[in-house]
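# A closer look at the structure
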Amino acid sequence: MALIVQKYGGTSVGDPDRIRNVARRVKKTQAAGNQVVVVVSAMAGETNRLVGLAHEMHPEPSTREYDVLLSTGEQVTIACLALALQAMDQPSRSFLGHQVQIMTDNAYSKARIKSIDDTRIRCALDAGNVVVVAGFQGMDEEGNITTLGRGGSDTSAVALAAALKADACEIYTDVDGVYTADPRLCASASKLNKISYEEMLEMASAGAKVLQHRAVELAAKHDVPLWVKSSFSEEEGTLVTKEDSAMAQLLVSGVEHNENEAKIAVRHLADEPGVAARLFMPIAEANINVDMIVQNVSADGFTDLTFTVPQNELKQAIQIAEEVTKGMDGSAIETDENIAKVSVIGVGMRSHAGVASTAFKRLSEAGINIDMISTSEIKISMVIKQDQMEKAINELHEAFELGQLNT
Ligand code: ADP
Ligand code: ASP
Ligand code: MG
């Protein structure tokens, strides 16, 4: 008997009919002779509504109560799905994160899963139940509720699949797989049948919402076969798996985007040893994820440091930068939220030169100015103006002929 973990995202459980659709699919998987653990997200829009509610109650909500509030969305959907299954004569039990001991660190809003105790889940499965677990949430050592960051239900599913040594982890969403670019912004995007963990990790960290990057990280670490499929069709989907020789033959496999970052430029800092550490150490201690960093050195012994952070951490990053530069003559802090990052990803870049120059040339021909650049072995990221993002995605997609991919 195989054990399958299935995760259904917000759109897939967006209303009672859609929850019944999920229940039918789950019941079919169970009837085919599998044990099934289902992870669900909150109904579409619900987590955003709760974010708004938190800010309505307090301009700067405390992180503990913020997580208590945000985790409630998933409590509704687990109970609704278990009820829908029971209405179809399929025994089912729902569990919140803490009830199945999904233990995390104490970093509210972006907690990391440390361990999961599978006893209660196994017991419920062995009694013939479909087990429904709330995604996105866990509990720290002191018993506080934590959440795993936006999109975190993907990570709950993969962590459960790893803990239960599941035969497969299937992420059901509103697209039928991983595409060469977000199909909502790029009409010629093509579906990938397979993608390596490494490329998917870069795509997720470049902004591909379709999988949370920690979910991919965990899947790679524990060798979990990870599928992305549609909850509205029977299409085969995309398998995220180990790299094979066919994958490396593709020069580029995707163009991704992120419009949720902001840029901070700290100008006129004395160019001396330790200047970057003075700025970035307190930022790291505040658990703020810095993405790109560019340092410009001027001839007169001063330097500018420009970096990007998630928009929702901008305020805190500015406060830290102000603290660090207090009393420094002539220093200034500038910010820009109207930016977007576009990234070109592909394991083929390791062995082929010229990908960066092709990308830069294409954007320049399209009249798109590049503000910041960073590269890794298999990714080139460029910060541009937000209103040029969609154009840039489509230009790059065409430059690398991704519309004709046949994987
Ligand atoms: P869910 O609510 O099911 O978790 P998400 O909205 O988090 O779904 O993720 C699915 C969305 O990811 C798609 O609707 C699509 O717009 C977006 N997306 C971004 N990049 C890609 C890509 N390369 N392939 C497929 N979808 C992508
Ligand atoms: N409900 C959470 C969110 O909207 C978690 C998830 O959907 O994965 O981010
Ligand atoms: Mg998601």
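Described below are features of the structure shown in this document.

The rules we used
- Residues numbered from 1 in each chain as written.
- Chains lettered and ligands numbered in written order.
- Predicted model: local features only at pLDDT ≥ 70, side-chain atom pairs only at ≥ 80, totals over all residues.
- Heavy atoms only, no water.
- Helix = DSSP H or I, 4+ residues; strand = E, 2+ residues; numbered from the N terminus.
- Polar contact = N/O pair within 3.5 Å; in protein donor to acceptor, adjacent residues only side chain to side chain.
- Contact = heavy atoms within 4.5 Å.
- Near = heavy atom within 4 Å.
- Areas by Shrake-Rupley, 256 points an atom, 1.4 Å probe, with all protein chains shown as cover.
- Nonpolar A, V, L, I, M, F, W, Y, C, P; charged D, E, K, R; others polar.
- Pairing = 2+ DSSP bridges.
- Salt bridge = Lys/Arg side-chain N within 4 Å of Asp/Glu carboxyl O.
- Buried < 20%, exposed > 50% of the residue type's maximum accessible area, 1.4 Å probe, protein only.
- Axes fitted to C-alpha atoms, helices over the stretch in contact; angles between N-to-C directions.

Glancing now at the side chain of Thr146. Note that Thr146 resides in strand 8 (residues 145-147). At 2.7 Å, the side chain of Thr146 and the side chain of Thr104 are in polar contact. Not counting residues up to four positions away in its chain, the partners in contact with Thr146 are Asp67, Thr104, Asp105, Tyr108, Ala111, Phe136, Gln137, Gly138, Met139 and Asp140.

Here the focus is the site of ligand 1. Neighbouring ligand 1 are 18 residues, the closest being Thr173, Asp174, Asp182, Arg184 and Glu256. Measuring from an oxygen atom of ligand 1, one finds a side-chain N or O atom of Asp174 at 2.8 Å. Between ligand 1 and the protein, one listed contact pairs an oxygen atom with a side-chain N or O atom of Lys209 at 3.2 Å. The protein chains hide 91% of the 570 Å² of surface that ligand 1 would expose on its own. Per-class residue counts for the shell around ligand 1 are eight nonpolar, four polar and six charged.

Next up on the list: the pairing of strand 19 (residues 372-376). Looking at chain direction, strand 19 and strand 20 (residues 379-385) are connected through five bridges and run antiparallel. Among the inter-strand pairings, Met372 is bridged to a residue of strand 20, identified as Val383.

Under the defined criterion, the tally for this structure stands at 27 salt bridges. Two residues, Glu313 and Lys110, come together in a salt bridge whose shortest N-O distance is 2.6 Å. Separated by 203 residues along the polypeptide, Glu313 in the loop between strand 16 (302-310) and helix 11 (314-325) and Lys110 in the loop between strand 4 (102-104) and strand 5 (113-116) bring together distant segments of the chain. Pair check on accessibility: Glu313 and Lys110 agree, each one buried.

Time to look at helix 6 (residues 153-163). Because an α-helix packs 3.6 residues into every turn, residues spaced three or four apart end up facing the same way. The buried fraction of helix 6 is high, at ten of eleven residues. Among the residues of helix 6, Ser153, Asp154, Thr155, Ser156, Ala157, Val158, Ala159, Leu160, Ala161 and Ala162 are the ones counted as buried. Backbone geometry just after helix 6 places Lys165 at a positive phi near 50°.

Before going further, it helps to examine the sheet that holds strand 19. Across the sheet, four strands lie side by side as 13-18-20-19; this open sheet has antiparallel pairing. Each having just a single partner strand, strand 13 (254-258) and strand 19 make up the two edges of the open sheet. With strand direction ignored, the average angle separating the axes of adjacent strands in the sheet is 20°. In the sheet, strand 13 pairs with strand 18 (residues 339-345) via five bridges, with the strands oriented antiparallel. Directly across from Glu256, in strand 18, lies its bridge partner Ser343. Where helix 7 (residues 197-205) meets the sheet, its contacts fall on strand 13, strand 18, strand 19 and strand 20, and the angle it forms with strand 18 comes to roughly 170°. This element, helix 13 (residues 389-399), spans strand 13, strand 18 and strand 20 of the sheet and lies at about 15° to strand 18.

Honestly, that's just the spatial picture; any functional story needs more than this.
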